[in-house]
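Listed below are the residues making up each chain.
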Amino acid sequence: MFRNAPIFLAFVLLSSGCDKTPPPLSIGALPTERQMKWHEMQFYAFVHFNMNTFTDMEWGLGGESPELFNPSELDCRQWARVCKDAGMKGIILTAKHHDGFCLWPSAFTEHSVKNSPWKNGQGDVVRELADACKEYGLKLGLYLSPWDRNHPEYGNEKYLDYYRNQLRELMTNYGEVFEVWFDGANGGTGFYGGANENRRVDRKNYYDWPNTRQIVRVLQPNAVMFSDAGPDVRWVGNEQGWAGETNWCLLRANEFYPGSPNWRELPVGHEDGTYWVPAEVDVSIRPGWFYHPSEDHRVKSLKTLVDIYYNSIGRNASFLLNLPVDRRGLIHETDAEQLRKLNLVIQRDFEKNLIKGANTQASNVRKQSVRFNSKKVIDGDYNTYWTTDDFVTTGSLVIDFGKKTTFNRFLVQEYVPLGQRVERFSLEIYQDGKWQAIMGQTTIGYKRILRFDDVTASKVRFNVLQSKACPAISTIEIYRAPKLLEPPAILRDKYGTVTIEGFDTGLQIKYSDDGTEPTKVYDEPFEFSGKGHVKAVAIDTVSGESSEIAVRDFDIISLNWSVIGYKSDNSLKFIFDTFAQSVWRNTESLNTAQEVSIDLGSVQLLVGFTYLPPQVASLDGTIAEYSFAVSENGKDWTDISTGEFSNIKNNPVQQTVIFTKVPARYIRFASLREINDKPVMAIAEFGVLTY
Ligand code: FUL
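One numbering rule holds for all chains: residues counted from 1, following each sequence as written. Totals for whole chains, interfaces and linings use every residue, but because this is a predicted model, local features are given only for residues with pLDDT of at least 70 and side-chain atom pairs only at 80 or more, for both listing and counting. To get the side-chain values, all heavy atoms of the structure are used, and hydrogens and water are removed first.

(A) Representation of the pairing of strand 12 (residues 317-322). By the criterion of burial, strand 12 is predominantly enclosed, with six of the six residues buried. At least two DSSP bridges between two strands are needed for those strands to be called paired. By the criteria applied, helices consist of DSSP H or I runs no shorter than four residues and strands consist of E runs no shorter than two, each listed in order from the N terminus. In the sheet, strand 1 (residues 43-47) pairs with strand 12 via four bridges, with the strands oriented parallel. Of the residues in strand 12, the one forming a bridge with Tyr44 is Leu320. With six bridges joining them, strand 11 (residues 279-284) and strand 12 adopt parallel strand pairing. Whether a residue is buried, partly exposed or exposed follows from its accessible area with a 1.4 Å probe, protein chains only, as a fraction of its type maximum: under 20%, in between, or over 50%, in that order.

As structure tokens, this is what we get:
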């Protein structure tokens, strides 16, 4: 057995083990062990399931009766199965959302599952999920909303004790927790034990975060804590599903707290940050975080989900995808199917690493050692890396395939336990006897994936152009991902003319305008001025492959509508011009009522309305609380609905309000409160839903 021992020993010596070349010194803030474990997870699920699921809300007010919580066939094992099959590594559950209802029988409140009809008050969703996660080899994470619109003492010291007691319960009774989610949305109007008032808190100091966090540190030393400020994982600053192309794991974390106003800095982080606080991209598979039956056909397209994957994991962040569990207590079939398809695409995109077997050569290897040579980027071991001599902060690594190779993905990882170093890098291919640039980028971090159109070359050169210290590159992978056909875009102008646009040339487009499968060949714009669905699909006639089917819901067109009561405001037309990017802002005197009245031209039977807030950089005028009234004659008005557009600041998607049918020719839409209490009202698009 030991006959070949000397040869084996020589091999080991050469290949690394006893190569005593010292590694470079680390630089700046470094990840902790628990953060490294978290980096490795990459893709995991959020589950928003709670009282809101049953009240069809995004933010419950806090006065909801526990009687309403009653899933008919709750099955956390189904959630775990769906997530596991999709390659996810854990699930984070909203144990308590802003409305204060607890999914576990907390000893500190009556506002929990114990007073619900579900399992006669004997159930515990957190327990069921913890068990299911264990069974399926997934990690468990918990979201405990700091804001509690139910609790009578919210805003004073007693609530803080309550919050901490709940945190202790969750951190003690459900086994190991990998992540604790501290939401930045807090303070505002609520039920508060019947007070029904507005309670603002000092977000920075009220929760005494240093001591509150300590509870998690002591009871769950391996758990990372999420918030705008970390301390372990930071919010990425948007709920649309993207991290900055430049993305530092570093943050001047002392400048932040949950709900701090400088969140626009979060997608990028700080190059000179003094703490390691990497970004997590949280995004929902549907427009809202909670389940709403009206969003059953608004599950994100495969193309969008794939883009989010590349814009999160591919940009040095993790991907936390929310699955709104429905009223049965199950992940809806459509969402599960979409997740399955996403996983298939990702598996296919990264199926064959073309770098395997290639030759690599680096411009500089630290002390010419074996331990840090260029082979380390292709050995499949994250813990080994290529690095250069100290003070050499640029360098190249040539990858020679030995034959012409076509590819369109480039994956690179820094060895971050030594700090995030690379500030700028580029990629070149050897073509026509010279090196030609295909991409230039900034940061790498834990993982960076570049996407580009197919290129064919026998050699690729990866250049570090600027780095804080000698680069430490752990992994390079190269792939050729199959083409993903994008569903076409369906657009309708205010005259009712529908145009369908494919994203690639040479594709055939088929459509339908009666809700059936799209089978009519599209060759020119057509008229569709009524209410209904238009569906469209792109087909590659050579391969026979089809895209997903795109669906757009339309209601009556706005051709005969007019805004009444305003003088000469040219931008009024933006309110219903069908362009999401154009915005009307009430620019008349600040004393003017923040409202708009519209004449629909004729009496319609209305069952709801839609409001799209500004989709542009300035969110000024976004409505947080609204009222809606109708009239048949323009004189006698009936109030139909008032309410809150919950979470519209973080997630500025189209809001839909449904009511019992009412005849109306005139409507009045008013802003009762702007997101930042500014005296301005803005509308990107407004629409009505007819019966
Ligand atoms: C936000 C919350 O207000 C939303 O309701 C949701 O929970 C999201 C993940 O975070 O801040």
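(B) Structural context of the site of the ligand. Around the ligand, the structure places 14 residues, and the nearest of them are His48, Trp59, His97, His98 and Asp183. By the criterion applied in these results, polar contacts are pairs of N or O atoms within 3.5 Å in which, for protein atoms, one can donate a hydrogen and the other can accept it, and in which residues neighboring in sequence qualify only through two side-chain atoms. Trp59 places a side-chain nitrogen or oxygen 3.0 Å from an oxygen atom of the ligand. Note that an oxygen atom of the ligand is positioned 3.4 Å from one of the side-chain N or O atoms of Asn647. To measure how exposed things are, a 1.4 Å probe is used in the Shrake-Rupley method; for residues, cover is taken only from the protein chains shown. Relative to its free-state accessible area of 300 Å², the ligand is covered by the protein chains to the extent of 98%. In the cavity and pocket records, a cavity denotes points on a 1 Å grid over the protein atoms alone where a 1.4 Å probe fits but cannot get out, a pocket denotes an open set with protein on both sides within 12 Å along at least 5 of 7 lines, and lining residues are residues with an atom within 4 Å of a point. A pocket or cavity is taken to hold a molecule when more than half of that molecule's atoms are within 2 Å of the pocket's grid points. Assessed atom by atom at 2 Å from the grid points, the ligand resides in the second largest pocket. Following the grouping adopted for this structure description, the nonpolar residues are Ala, Val, Leu, Ile, Met, Phe, Trp, Tyr, Cys and Pro, the charged ones are Asp, Glu, Lys and Arg, and the polar ones are all others, Gly among them. Its residues assigned to classes, the shell around the ligand shows six nonpolar, five polar and three charged. Throughout this document, a residue counts as near a molecule or strand when at least one of its heavy atoms sits within 4 Å of that molecule or strand.

(C) Representation of helix 4 (residues 76-85) within the structure. Residues of helix 4 that are buried include every one of Cys76, Gln78, Trp79, Ala80, Val82 and Cys83, and no others. On its buried face, helix 4 sits against strand 1, strand 2 (90-96), helix 5 (125-136) and helix 9 (333-349). Of the residues flanking the start of helix 4, the one acting as N-cap is Asp75, its side-chain oxygen 3.0 Å from the backbone nitrogen of Arg77. In this description, contact between two residues means that some pair of their heavy atoms is separated by no more than 4.5 Å.

(D) Geometry of the sheet that holds strand 1. If you trace the eight strands once around the closed barrel, you get 1-2-3-4-7-8-11-12, paired in parallel fashion. Shown here is a sheet whose adjacent strand axes are inclined to one another by a mean of 25°, direction ignored. Taken together, the six bridges between strand 2 and strand 3 (residues 139-144) define a ladder with parallel strand orientation. Among the inter-strand pairings, Leu93 is bridged to a residue of strand 3, identified as Leu142. Where helix 5 meets the sheet, it contacts strand 2 and strand 3, and its direction lies at approximately 175° from that of strand 2. The axes used here are C-alpha line fits, helices contributing only the stretch in contact, and every angle between their N-to-C directions lies in the interval 0 to 180 degrees.

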